[in-house]
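# Results of the structural survey
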Amino acid sequence: MRPSTIDREAGYRLLAEMAGPATVESTLTGLDTLAPGFPDWIVTALFGGTYQREGIALRDRQIANLAALTALGGVEPQLDDHVRNSLRIGMSPREIVEVMVHLAPYVGVPKALAGLRVAAAVLKETGADSVGDGTAARDTDDGGSTA
């Protein structure tokens, strides 16, 4: 395994890929006005550092993010962002929903339901809300992903 490095430019590229340039610009500008330098630290340390590490794929990192934010609770804006990011990197609506359902026995039904509410709102807003009929989901016989 190579040593961990922090790559500021790679962090901004990855964030733009995941969240979209317009979202990045509007979010970071507003936060930088409130807390100068803080958004740059977040992007550089997180997206240019932690996300750049070897060992797990971006898709798996997103599953971990969905699980952690749902378990934490009270961070709906960040969970909303990560549901969107998950869609952008190719996760299906069904996979996102199943992450939330899978969490219920581990984090509690109320937190899983709260996560599902956030996911449902994002899926509806983005037009990816046809999870139940299989048209927007990639179903497999073995329960795995085709992504």
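Before reading further, recall that the structure is shown in the block above.
This text gives an overview of the structure that appears in the document. (Residues numbered from 1 in each chain as written. Predicted model: local features only at pLDDT ≥ 70, side-chain atom pairs only at ≥ 80, totals over all residues. Heavy atoms only, no water.)

## As for helix H5 (residues 76–88)
When the terminal C-alpha atoms of H5 are compared, their 18 Å separation across 13 residues agrees well with the 18 Å that a helix rising 1.5 Å per residue should span. Those residues of H5 lying buried are Leu79, His82, Val83, Arg84, Asn85 and Ser86. For H5, the secondary structure elements touched by its buried residues are helix H1 (8–19), helix H4 (58–72), helix H6 (93–107) and helix H7 (109–126). Phi turns positive one or two residues past the end of H5, at glycine 90, with a value near 105°. (Helix = DSSP H or I, 4+ residues; strand = E, 2+ residues; numbered from the N terminus. Expected span 1.5 Å × (residues − 1). Buried < 20%, exposed > 50% of the residue type's maximum accessible area, 1.4 Å probe, protein only. Contact = heavy atoms within 4.5 Å.)

## Section: the packing of aromatic side chains
A complete count under the given rule lists two aromatic pairs for this structure. Taken together, a centroid distance of 5.9 Å and an interplanar angle of 10° make the contact between phenylalanine 38 and tryptophan 41 stacked. Residue phenylalanine 38 and its partner tryptophan 41 are located together in helix H3 (residues 38–47), separated by three residues, close to a single helical turn. Measuring from centroid to centroid gives 4.6 Å for phenylalanine 47 and tyrosine 51, while their planes differ by 20°, and the two rings are stacked. Both residues of the pair, phenylalanine 47 and tyrosine 51, count as buried. (Phe/Tyr/Trp six-rings, centres within 6.5 Å; stacked < 30°, edge-to-face > 60°.)

## Re the layout of surface pockets
Of the volumes computed, that of the largest pocket is approximately 540 Å³. For the largest pocket, the lining is made up of 21 residues, of which Leu15, Phe47, Gln78, Asp81 and His82 are closest to its centre. Breaking the lining of the largest pocket down by element, the ones donating at least two residues are H1, helix H2 (21–34), H3, H4 and H5. A per-element tally of the lining of the largest pocket places H5 first, with seven residues. Within the lining of the largest pocket, the residues separate by chemical class into twelve nonpolar, six polar and three charged. (1 Å grid on protein atoms, 1.4 Å probe; cavity = no way out; pocket = protein on both sides within 12 Å on 5 of 7 lines; lining within 4 Å. Points joined across faces, edges and corners; volume = space filled by probe spheres on them. Nonpolar A, V, L, I, M, F, W, Y, C, P; charged D, E, K, R; others polar.)

## Topic: the pattern of salt bridges
This structure, assessed with the given rule, holds five salt bridges. The partner of arginine 8 in a salt bridge is aspartate 40, and the shortest N-O contact between them spans 2.8 Å. Placement of the pair is arginine 8 in helix H1 and aspartate 40 in helix H3, with a sequence separation of 32 residues. With a relative accessible area of 27%, aspartate 40 lands in the partly exposed category. Salt-bridge contacts for arginine 84 lead to glutamate 125; the nearest nitrogen and oxygen are separated by 3.0 Å. Placement of the pair is arginine 84 in helix H5 and glutamate 125 in helix H7, with a sequence separation of 41 residues. Because the salt bridges share partners, they merge into one network encompassing Arg59, Asp60 and Glu95. (Salt bridge = Lys/Arg side-chain N within 4 Å of Asp/Glu carboxyl O.)

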